[in-house]
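If you want the building blocks of each chain, they are given just below.
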Amino acid sequence: MIARSKQLIILFDVDGTLTKSRNKIEQNMVDTLKQLCKLHYVGIVGGSDYQKIKDQVGQDVFEMVDFVFTENGLHSFKNGEHFHTQSLNKFVGENHLQKFINFTLLQLSQIQLPIKRGTFIEYRNGMINISPIGRNCSQQERDDFEQYDHQHQIRKQLIEKLENEFKELNFKYSIGGQISFDVFPKGWDKTYCLQFLDEFEKVYFFGDKTFEGGNDHEIYIHERTIGQQVNNPQETIKYLNELFLKN
């Protein structure tokens, strides 16, 4: 086996990069990552929690890559072993957290959409995920809301209200996926994981939501990374073949 150099590590977003949004990883991506891991160090960074990312990419990929940063690195794993944790409620405080959640629920109740489902706010260890339509919607309903949101800017308008109301909390708001946005302390975006990668000279990052306000933007433009924007998993495979898997 070829000895891998710590000259570089390749990091991947999950949704829209390794998988279709909220879908399980496909076999052609698993096969590509398997080849890549033989040649280079590889990591995954996603906003979802441990179980969701593990379910999405599969046990084999979770164990195959060198680093997995769930919730942007607030739960971090190296070679399958957990080595770092941080939490939102400890950092912000329960009183501030409840005020934020209560205000958000009030705003959500006043938004009129073609349809609404359930689970509008999901508390995670390091962030709050807010979905105007509700996370319990079907894939078709997700697709429809994404198009509706493009036209009516539902998420963007709600973010503006929250930013104005809670300036003192110094929160960052990041649109990701099709139906929701994430809220977390500034600095707790995907760049959070970079503090654990000092041993590598170069960090390549592949992501789809690299536009300003997207949840890949900060790490994509960070001085420590070489960013590669992709639109879907097929493009990820294409660029990996061109950049790293040439014969």
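Residues numbered from 1 in each chain as written. Predicted model: local features only at pLDDT ≥ 70, side-chain atom pairs only at ≥ 80, totals over all residues. Heavy atoms only, no water.

- Under an unreviewed UniProt entry, the name given to the protein chain is Phosphomannomutase, and the organism recorded is Paramecium primaurelia.
- Regarding the protein chain, the relevant UniProt record gives this comment under Catalytic activity (unreviewed entry): "alpha-D-mannose 1-phosphate = D-mannose 6-phosphate".
- The UniProt entry for the protein chain carries the following text under Pathway (unreviewed entry): "Nucleotide-sugar biosynthesis; GDP-alpha-D-mannose biosynthesis; alpha-D-mannose 1-phosphate from D-fructose 6-phosphate: step 2/2." (UniProt positions renumbered as here; feature names shortened; annotations may be inferred.)

With respect to the layout of surface pockets
- Size it by volume and the largest pocket reaches roughly 570 Å³.
- For the largest pocket, the lining is made up of 38 residues, of which Asp-15, Ser-21, Gly-176, Gly-177 and Lys-209 are closest to its centre.
- Secondary structure elements with two or more residues in the lining of the largest pocket: α2 (50–57), α6 (139–152), β9 (180–185) and α9 (233–243).
- For the lining of the largest pocket, the residue count by class is seven nonpolar, 19 polar and 12 charged.
- Those elements that place two or more of their residues in the lining of the second largest pocket are α6 and α7 (154–165).
- Looking at the lining of the second largest pocket, the element that brings in the most residues is α6, giving three residues. (1 Å grid on protein atoms, 1.4 Å probe; cavity = no way out; pocket = protein on both sides within 12 Å on 5 of 7 lines; lining within 4 Å. Points joined across faces, edges and corners; volume = space filled by probe spheres on them. Helix = DSSP H or I, 4+ residues; strand = E, 2+ residues; numbered from the N terminus. Nonpolar A, V, L, I, M, F, W, Y, C, P; charged D, E, K, R; others polar.)

Quick notes on the UniProt feature "active site" (unreviewed entry) in the protein chain
- In the numbering adopted here, UniProt assigns the feature "active site" (unreviewed entry) to Asp-13 and Asp-15. Of the residues named above, Asp-13 and Asp-15 line the largest pocket.
- When you line up the elements, Asp-13 lands in the loop between β1 (8–12) and α1 (27–39).
- Apart from the residues within four sequence positions on either side, Asp-13 is in contact with Leu-18, Val-45, Lys-190, Phe-205, Phe-206, Gly-207, Asp-208 and Asp-216.
- For Asp-13, the side chain forms a polar contact with the side chain of Thr-17, separated by 2.9 Å. (Contact = heavy atoms within 4.5 Å. Polar contact = N/O pair within 3.5 Å; in protein donor to acceptor, adjacent residues only side chain to side chain.)

What to know about helix α5 (residues 94–109)
- Taking 1.5 Å as the rise per residue, α5 with 16 residues should run 22 Å; its terminal C-alpha atoms sit 22 Å apart, in good agreement.
- Looking only at α5, the buried set comprises Leu-97, Phe-100, Phe-103, Thr-104, Gln-107 and Leu-108. Seen from one end, α5 has its buried residues packed into an arc of 140°, which puts them on one side. Exposed positions of α5 whose direction lies more than 90 degrees from the buried face are Asn-95 and Ser-109.
- The secondary structure elements touched by the buried residues of α5 are α4 (88–92), β6 (121–123), β7 (128–130), α7, β8 (171–176) and β9. (Expected span 1.5 Å × (residues − 1). Buried < 20%, exposed > 50% of the residue type's maximum accessible area, 1.4 Å probe, protein only. Arc of directions from axis to C-beta.)

A look at α9
- Taken as a whole, α9 has its buried residues at Pro-233, Thr-236, Ile-237 and Leu-240. When α9 is viewed along its axis, its buried side chains cluster within an angular range of 95° and face the same direction.
- Close packing links the buried residues of α9 with β1, α1 and β10 (202–207).
- Its side-chain oxygen 3.1 Å from the backbone nitrogen of Gln-234, Asn-232 forms the N-cap of α9.

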